[in-house]
Amino acid sequence: MIIGVPKEIKNNENRVALTPAGAAEMKNHGHQVYIQATAGEGSGFDDAEYIAAGAQILPTIEAVYNIAEMIIKVKEPIASEYELIQKDQLLFTYFHFASSQPLTHAMIERQAICLAYETVEKTDRSLPLLVPMSEVAGRMAIQQGAKYLEKPLKGRGILLGGVPGVPPAKVLVLGGGIVGTQAAKMAAGLGAQVTIMDVSLARLRYLDDVMPANVTTIMSNQYNIRKAITDSDLVVGAVLIPGAKAPHLITRDMLKLMRPGTVVVDVAVDQGGCIETCTPTTHENPTFIIDDIVHYCVANMPGAVPYTSTLALTNATLPYALQLANKGWKKACAENEELKKGLNIANGKILYKGVAQAWNLPFNEELLLENTVI
């Protein structure tokens, strides 16, 4: 198969979808790999490393899309890429369709095969291609939240861990999944007083067992959230419903319950956000203020640490990419239920229920039941 890796062009997105080691592995399986010039530089990989691994360098993004049967990316295509996508071209990347109606309609119109990292799902319901970036984003949420609590950045002027004789900051984490767990660990490690909320009692029991003494677990409901935000200094939104929009756990009217200078970091913003007032921002302009509350809502947080993020992501995606390349997407998805669940759109049809529901569009379940022969 002919594999194409374009350079990411989303604002301050420095990750790359395939490392030189990954390119070499593809080459060893008999596939042709084309990398856009300088695509790996942001992650610390220069063109010479790809050439040494057996890949070929193409000068433009247009050339990559024109030649490739499968495009491997990190982030969803942006508007300037839509016209480059060809009918029946396989795109393997993060899409987050439930948060972007224009992207959903564009991929339907282009009749591309869209296999989304974020909905590839194991039998235990874990999301193997979302986990590594969730780990990065969860840890970064605390790193960024601590920074924006500083007074020059319009925060409350609080040091997350406090000092002897002065209490630490209070951190509220909404969601006890991968993001929430990593955020709570980081905040606790810095000495903050942490509360983590989740709707699963079983998950709260687990977290209560593994977390240090400065982490408290509380059942997530609107009453408890309203009570907790009144004295929280940093709130991390870490809620995920695979392939669907995140629910709004903090609404606009609840901002008035918070103290001025409180920082909210919505890691769920890729899926619409679990804080109603959050809208996607960029690393260039990461924050905005509503009702004296600092909102940090960068949609590609791991892009700020591309070396770590690229290695973590490609460790997880390469085995699946090899299956797609070796077998073709139809056979690979027919034989691997995990990959099959990653199919969101194919040949102009929506194949993932959460995406169809998000935009009130037809869900073509019957196509998925036909052994993925579309």
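Residues numbered from 1 in each chain as written. Predicted model: local features only at pLDDT ≥ 70, side-chain atom pairs only at ≥ 80, totals over all residues. Heavy atoms only, no water.

Where an unreviewed UniProt entry is consulted, the protein chain appears under the name Alanine dehydrogenase, with the organism given as Flavobacterium restrictum.

**Here we look at a nonpolar patch on the surface**
Worth spelling out the cut-off: Like charges are joined within 9 Å and nonpolar side chains (Val, Leu, Ile, Met, Phe, Trp, Tyr) within 5 Å, but only among residues with over 30% relative accessible area and no salt bridge; these make up the patches. With residues, only the protein chains shown are counted as cover, and all accessible areas are computed by Shrake-Rupley using a 1.4 Å probe. Any carboxyl oxygen of Asp or Glu that lies within 4 Å of a side-chain nitrogen of Lys or Arg is treated as forming a salt bridge with it. By definition, any uninterrupted DSSP run of H or I lasting at least four residues is a helix, any uninterrupted run of E lasting at least two residues is a strand, and each is numbered from the N terminus.
A cluster of nonpolar side chains, namely Leu-159, Val-163 and Val-166, defines an oily patch on the protein surface of about 270 Å² accessible area. Mapped onto the elements, Leu-159 comes out in the loop between helix H6 (131-148) and strand E7 (170-174).

**A closer look at the UniProt feature "active site" (unreviewed entry) in the protein chain**
Short version of the rule: UniProt positions are given in the numbering used here, feature names are shortened, and annotations may be inferred rather than shown by experiment. Using only the protein atoms, space was sampled on a 1 Å grid; points where a 1.4 Å probe fits but cannot get out form cavities, open sets with protein on both sides within 12 Å along at least five of seven lines form pockets, and lining residues are those with an atom within 4 Å of a point. Remark: exposure states derive from per-residue accessible area (1.4 Å probe, protein chains only) relative to the maximum for the residue type, with buried under 20%, exposed over 50%, and partly exposed in between. Two residues form a contact once any of their heavy atoms are found within 4.5 Å.
Summarizing the sequence annotation, UniProt attributes the feature "active site" (unreviewed entry) to His-96 and Asp-270 in the numbering used throughout. In sequence the annotated residues extend across 175 residues, while in space they remain close, none of their C-alpha pairs exceeding 6.4 Å. If you take the residues mentioned a moment ago, the ones lining the largest pocket come down to His-96 and Asp-270. Tracing the backbone shows His-96 in the loop between strand E5 (90-93) and helix H5 (101-110). Under the relative-accessibility criterion, His-96 is labelled buried at 7%. For His-96, the residues in contact, after removing those within four places along its chain, are Lys-75, Glu-118, Leu-130, Asp-270 and Gln-271. Mapped onto the elements, Asp-270 comes out in the loop between strand E11 (263-266) and strand E12 (287-290). Residue classification places Asp-270 among the buried residues on the basis of a relative accessible area of 18%. Not counting residues up to four positions away in its chain, the partners in contact with Asp-270 are Lys-75, His-96, Ser-99 and Ala-299.

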